[in-house]
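# Inside the fold
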Amino acid sequence: MTMLKKLWPVLATIVACWLLSACATSPTGRSQLMLVSPQSAIVESEKAYISTVNQLQEKQQLVTDPKRLQRIRTITGRLVSEAVKKYPSSKNWQWSVAVIDDPKTLNAWCMAGGRMAIYTGIIDQLQLSDDEIAQIMGHEIAHALANHSAERMSRAMVMQAGLLAAGAATEQDQLTLAGAALAAKLALELPNSRTAETEADRIGIELATLAGYDPQAAVSLWQKMGKASGGGGPEFLSTHPAPGNRAKTLGRLAQQMRALNPTQRKSPVHPVNMVSQR
Ligand SMILES: [Zn+2]
């Protein structure tokens, strides 16, 4: 006990240093707590993505229809053109997208390192226009650019440590992925903070506008999402909690955005790897 008392200040200092060194700054100047570096978030996300894609391929759940794939390739490719201009470090990302054949799921995501997915459920059930798809993918890409993935992974790791201690992590999870890669997968199911949402809304609408898509579609997209939120609601809304005045703020932003690209001139399509059925 006396020993522990003596050690306590040392331990406290170590923890404080670790937390301090884990602080980073987001593109909008907010300080972020990072237990996972953006670089290792990218490495671990790759493992998680490969495992997710393998499972989808086994279940034959990847869209093969060339028309659907082309539509998503064009929209995401234009967004990526703008993303790499604004965030040059993302030039080296392995930009990829999987279109997941799952009519019941209303969801889309982008992992650290530019690995994305969109579900047929959200496209079909909400009858999304190209402009609205651009807004949703722009928002997802923004989360990755602003290192929100690393932030969520940090939280997932803390959670995972708790689960492991409680013996509650499933054997399957432990077999397929270990440590940080599992955290990258779990992170997809964790909600973003409201501050992170506001950041992603702002960066996302700007990317979509610069890429040539109608900024007003951000407002209609969230309205559709809100309408669909009755009866359980889209998975998307459980991971993207709405800042209280999202519609209002986006409406105001849309007005400002117009000036950035008044003619909606479309950006060139940056190469994006389409993940499809083997
Ligand atoms: Zn979000």
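One can find the structure itself at the top, above this paragraph.
Residues numbered from 1 in each chain as written. Predicted model: local features only at pLDDT ≥ 70, side-chain atom pairs only at ≥ 80, totals over all residues. Heavy atoms only, no water.

## What to know about the pairing of strand β3 (residues 96–100)
Within a regular strand, the side chains alternate between the two sheet faces. The buried count for β3 comes to five of five residues, which makes it a mostly enclosed element. In β3, alternate side chains face the same way, and those of Ser-96, Ala-98 and Ile-100 on one face and Val-97 and Val-99 on the other are all buried. Across three bridges, β3 lies against strand β6 (residues 273–275) in parallel orientation. Note that in β6 the partner of Val-97 across the bridge is Met-274. Two strands pair when backbone bridges link them, and β3 and strand β5 (residues 115–119) are joined in this way by five bridges, in the parallel orientation. Bridge assignment links Val-99 to a residue of β5, and that residue is Ile-118. (Buried < 20%, exposed > 50% of the residue type's maximum accessible area, 1.4 Å probe, protein only. Helix = DSSP H or I, 4+ residues; strand = E, 2+ residues; numbered from the N terminus. Pairing = 2+ DSSP bridges.)

## Quick word on the side chain of Asp-201
Inspection of the secondary structure assignment puts Asp-201 in helix α9 (residues 194–210). Its relative accessible area of 8% is what places Asp-201 among the buried residues. Polar contacts involving the side chain of Asp-201 include one to the side chain of Arg-246, which spans 2.8 Å. With residues near it in sequence (within four places) discarded, Asp-201 still touches His-139, Trp-222, Arg-246 and Leu-250. (Polar contact = N/O pair within 3.5 Å; in protein donor to acceptor, adjacent residues only side chain to side chain. Contact = heavy atoms within 4.5 Å.)

## Regarding the coordination of the zinc ion
Bound to the zinc ion on the protein side are His-139 (NE2), His-143 (NE2), Glu-197 (OE) and Glu-197 (OE), at distances that span 2.0 to 2.5 Å. Considering all four donor atoms around the zinc ion, angles at the metal cover 54 to 132° and the coordination shape is irregular. Here the donor residues for the zinc ion map to a single chain with the spacing H-x3-H-x53-E. Pair noted here: His-143 is in helix α5 (residues 130–145) and Glu-197 is in helix α9, with a separation of 54 residues, a long-range link. Taken as a pair, His-143 and Glu-197 share a single burial class, namely buried. (Donors = N, O, S within 2.8 Å, 3.2 Å for Na, K, Ca; no water. Tetrahedral: all angles 85-135°; square planar, octahedral: opposite > 155°, others 65-115°.)

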